[in-house]
Every structure is written in structure tokens, then in C-alpha cells.
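# Structure at a glance
What follows is the residue order along each chain.
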Amino acid sequence: MTRIFDEDLAGGMSTRAIHAGQRPDPVSGAIMTPVYLTSTYVQDGIGLNKGYEYARGKNPTRQALERNVATLEGGRHGLAFGSGMGCLDSIMKLFRAGDHIVCGENVYGGTFRLFDRILKHMGLSFSYVDTRDPQRVADAMTPTTRALLVETPTNPLMWLTDLAAMSEIAKRHQALLIVDNTFATPIFQRPLELGADIVWHSTTKYLNGHSDMIGGIAVVLEDDLADRLQFILNAAGAVPGPFDAWLALRGTKTLPLRMRQHDLNGRQIAAWLLDRLGAERVIYPGLANHPQHELAARQMSGFGGMMTLDLGSQENANRFLQAVRVFSLAESLGGVESLTNHPYTMTHGSVPVEVKEAMGLTDGMVRLSCGVEDVEDLIEDLDGALKGL
Ligand SMILES: *Cc1c(COP(=O)(O)O)cnc(C)c1O
């Protein structure tokens, strides 16, 4: 865990993205944070050290990333992990057998798998709820509920959850509100400002933005909670290597720039697809026909490059996915390059068929992660692939 300094809060989001958590290396003046490839730190005597003892607990490269992202999220402490799932798994170690968790029913497939295949057998219990409706969430809370976990917008159905309403419900039940902010990023949505206790990310996606590492990060405001999480981070040890932390840190420097372009491309592509396919086949929170467009516009300052198309059948989806040339068929999202995938068999392959059916996730759906290439090329690519259906 790294606490931010007051100086990290200087300036707007772009200035912070580039500078927060980083200062020239005191040894050489190197402007870039060095990759501290070390497992241990030499001590001057018993109990005399420079604040570093063993690199599972702290590493200066990791700390620069933690301060940087904590500042962007409007938090006070950052904790970096070796993957998004490692981060969530460590967060869940705040709870103990007998605790009940309320979780959004359309969360990332890996989140559901961690809960349903592992943590459920360790004494935690989960209720999966459509968090678009705050009343359903309120009804699911019990006297043993310790946390409310949501993701907004969701993957791949692009459902939105009203974070201010969730915070009210969580507080009423003294439960922690934990928000996966991977899709929106702090550039478009800052859950801590809306009352969340923990915001977390797969840094693998937009924060890094270049599809060249796996990582996770959690950001919190409260000192006590940060101390408990740091204890877990060090005790359980799901930490990132320094080079991956450095790659993510290089990525966040251009996060505001990239998000602006993902958003511009996303809006233009969604508008074109709406025209080409009809309103009922394009799911994008930035479109006026999205059932929660008003909430999206209120809660987010941009809509980004994620959207889902319903092509009607798995056969159509497959033909489309094989025909694209600029978009690539792959898991993951949020990189500078455009990707597309088949959520039914890929990201949500581990979600039971009846659960997918209940939430309206069909095998004709394809998800687009619109990158930052020239938008004309992306539209031409989609046009060519759709012509073949
Ligand atoms: C990818 C992803 C995760 C998992 O993160 P990893 O870095 O792959 O472990 C969690 N939530 C969302 C929304 C994701 O897209």
C-alpha cells in the first residue's frame, strides 16, 4: 500500500496521469521511475532501514504506480497486484466464513467463477442480483451482508448501476461498496467520489492500454481499510513484478489521451452501427436509445469504446469474427488496438448456460473493444464483415 502525498494532487487529470507518484531518481536524475529489480534491501542495523525490507511488501516501482492510480481515482491509498483476479481475491480475504456478499449478476465471468467455484466452498455466501434496480439490491441485503460488489458498465451487456444509490444501501447495512472500474476508468467515472469504499481494476485493460502485461490495483480512501489490505497483500503475496508495474505506470501517462480517442471512436462507430443494424442490435450507453442512457450521462463523463452487437445467431457471430481484418478476435479489451470477441463462449464461457440465458446474454452477441486506430478504417472493417452475413 502506498499513501499519496499532497504534491500528487497537483493539477488536472492529464498532469496527474503523467506526474503523480513519480519524481526524478535521486541517484541519477533519471526522469523515468527505475524498474527496481530487487527482492531485498540492505539494512544499516537491527531495525534500521530506509522503509524497505523485502520486496513482497514494498517495491519503489510498484509504489509509483500505486500513488499514480490512487491519485487518478481520487483515493488516498493504492495497492497493486499481479492480476485483476489476484486483486479481487485479496480484497475478498477481508471477509470470513459466514459473511454474505451481494454481487451484480452480470459481473466479469472470472469474478463469478472465483466466487462460485472457490470462495463459496470456503464459507462465504453470495446473492447475485440485477443491480440496475436499487430496490432489488436493498431486498437482497441481510444482517450478515458485509459487502456489495458491482461493476458498471457491465461486460458485455453494458448494464449500468447507480453508484450513489448503491453507496446509500451499503452504508445503511454497514457493508463495503466494492466497485470494478475497469471499463470506465477514472477518466470517465470515479466511484470513490460517489461513496464507494474500494475501487479496483484489471490494469491489464485500459490503465496499461498496450496489451503487454497482466495486473490489478485497488484504491481506497480510508487508512484503516488500507492497512488491512496491505496486511493481506504482504501476507498472501499476490504482488506484481516490478517490470509489469513499470509497464502499467508508462501506460497511465497516456490514459487521458487514449480514453478521449476511445470515446470519440466509440461514439462514431456506435452511431454508424445503429444506422446499419437498427437500434435493437447495438448496445452502447452513449446512444440515446440505451435504456440507461440518462444514468450513463449523469454518472460518467464519457462512454468509451466498449459495445456489444447482437448478430442474431452464433453462425453469424462466427462469420463476422472471422471476416474482420483490423479488429482481432481475442480475449481482453482496452488496448490501443481494436479487439472483438464472443462473450458467450469466451469471457463468459465459465458462466452456466441458464445464468447466461436468464440475463439475456445470447450466442449471437459479439463484443467490440474499439481501439484508437483511424475510425474510418474501423468502420470500413466492420462494414466489410457485416456485408458477409
Ligand atoms: C479482465 C477483467 C478482470 C480480471 O482481470 P485480470 O487482470 O484478467 O485478472 C476483472 N474485471 C473486468 C471488468 C475485466 O475486464
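See above for the structure.
Quick caveat: nothing in here was measured; it's all calculated off a predicted structure. (Residues numbered from 1 in each chain as written. Predicted model: local features only at pLDDT ≥ 70, side-chain atom pairs only at ≥ 80, totals over all residues. Heavy atoms only, no water.)

This part is about the nonpolar core. Nonpolar side chains tend toward joint burial in soluble globular proteins. Formed by 52 residues in total, the largest nonpolar core has its most connected members in Leu65, Leu148, Val150, Met166, Leu177 and Leu255. When neighbours within four sequence positions are excluded, Leu148 is seen to be in contact with Val102, Val137, Met166, Ala170, Leu176, Leu177 and Ile178. (Core = buried A, V, L, I, M, F, W, Y, C linked by side-chain atoms within 4.5 Å. Buried < 20%, exposed > 50% of the residue type's maximum accessible area, 1.4 Å probe, protein only. Contact = heavy atoms within 4.5 Å.)

Applying the stated criterion to the full structure yields six aromatic pairs. Relative to Tyr128, the ring of Phe126 lies with its centre 6.3 Å away and its plane at 15°, an arrangement referred to as stacked. Ring geometry for Phe243 and Trp246: centres 5.9 Å apart, planes at 10°, overall stacked. Pair noted here: Phe243 and Trp246 are both in helix 9 (residues 242-253), with a separation of three residues, about one helical turn. With relative accessibility at 45%, the residue Phe243 sits in the partly exposed group. Among the aromatic residues, those joined into a ring-pair cluster are Phe112, Phe115, Phe126 and Tyr128. Lys58 extends its terminal NZ or CZ atom over the ring of Tyr52, reaching a point 5.7 Å from the ring centre. (Phe/Tyr/Trp six-rings, centres within 6.5 Å; stacked < 30°, edge-to-face > 60°. Helix = DSSP H or I, 4+ residues; strand = E, 2+ residues; numbered from the N terminus. Lys NZ or Arg CZ within 6 Å of the ring centre and 35° of its normal.)

Taken together, 13 residues form the shell around the ligand, and within it Gly84, Asp180, Ser202, Thr204 and Lys205 come nearest. Lys205 is positioned such that a nitrogen or oxygen atom in its side chain is 2.7 Å from an oxygen atom of the ligand. In isolation the ligand exposes 380 Å². Once the protein is present, 93% of that is buried. Of all the cavities here, the one that holds the ligand is the second largest pocket. For the shell around the ligand, the secondary-structure elements that each account for two or more residues are helix 3 (84-92) and strand 7 (198-202). Taken together, the residues of the shell around the ligand break down into four nonpolar, six polar and three charged. (Near = heavy atom within 4 Å. Polar contact = N/O pair within 3.5 Å; in protein donor to acceptor, adjacent residues only side chain to side chain. Areas by Shrake-Rupley, 256 points an atom, 1.4 Å probe, with all protein chains shown as cover. 1 Å grid on protein atoms, 1.4 Å probe; cavity = no way out; pocket = protein on both sides within 12 Å on 5 of 7 lines; lining within 4 Å. Sits in = over half its atoms within 2 Å of the grid points. Nonpolar A, V, L, I, M, F, W, Y, C, P; charged D, E, K, R; others polar.)

What follows covers the sheet that holds strand 5 (residues 145-151). Backbone-to-backbone hydrogen bonds join strands into a sheet, with any given pair of strands oriented parallel or antiparallel. Strands sit in the order 1-2-8-7-6-5-3-4 across an open sheet of eight strands; the sheet is mixed. Since the sheet does not close on itself, it has two edges, and those belong to strand 1 (2-3) and strand 4 (125-129), each with one partner. Together, strand 1, strand 2 (77-81) and strand 8 (216-220) form the strand contacts of helix 2 (residues 60-72), whose direction differs from that of strand 2 by roughly 125°. (Pairing = 2+ DSSP bridges. Axes fitted to C-alpha atoms, helices over the stretch in contact; angles between N-to-C directions.)

Across the sheet, which stays open at both edges, the five strands sit in the order 9-10-13-12-11 with mixed pairing between neighbours. Each end of this open sheet is capped by a strand with a single partner; those strands are strand 9 (282-283) and strand 11 (328-329). Relative to strand 12 (residues 339-341), strand 11 runs parallel, the two being bridged by two bridges. Across the sheet, the residue bridging to Leu329 is Thr340, located in strand 12. Of the strands in this sheet, strand 9, strand 10 (306-310) and strand 13 (365-369) are in contact with helix 10 (residues 255-277), which crosses strand 10 at around 10°. Contacts from helix 12 (residues 314-323) reach strand 10, strand 11, strand 12 and strand 13 within the one sheet, and its direction differs from that of strand 13 by about 30°.

On to the packing of helix 2 against helix 9, then. In contact at an axis separation of 8 Å, helix 2 and helix 9 are set at 35° when each is read in the N-to-C sense. Taken as a pair, helix 2 and helix 9 cross one another with a handedness that is left-handed. Between helix 2, through Thr61, Arg62, Ala64, Leu65, Asn68 and Val69, and helix 9, the contact on the second element is made entirely by Pro242, Ala245, Trp246, Ala248, Leu249 and Thr252. The class makeup of the residues in the contact of helix 2 with helix 9 is eight nonpolar, three polar and one charged. (Left-handed = near helix turned anticlockwise from the far one by under 90°.)

Across all of its chains, the model carries four cavities of 30 Å³ or more by this definition. Considered as a void within the structure, the largest cavity measures approximately 60 Å³ in volume. Lining the largest cavity are Pro153, Met158, Phe183, Ala184, Phe188, Tyr206, Met259, Met300, Phe303, Gly304, Gly305 and Met306. Here the lining of the largest cavity spans two domains, since at least three of its residues come from each of domain 1 (13-252) and domain 2 (256-386). (Points joined across faces, edges and corners; volume = space filled by probe spheres on them. Domains from an automatic or database assignment.)

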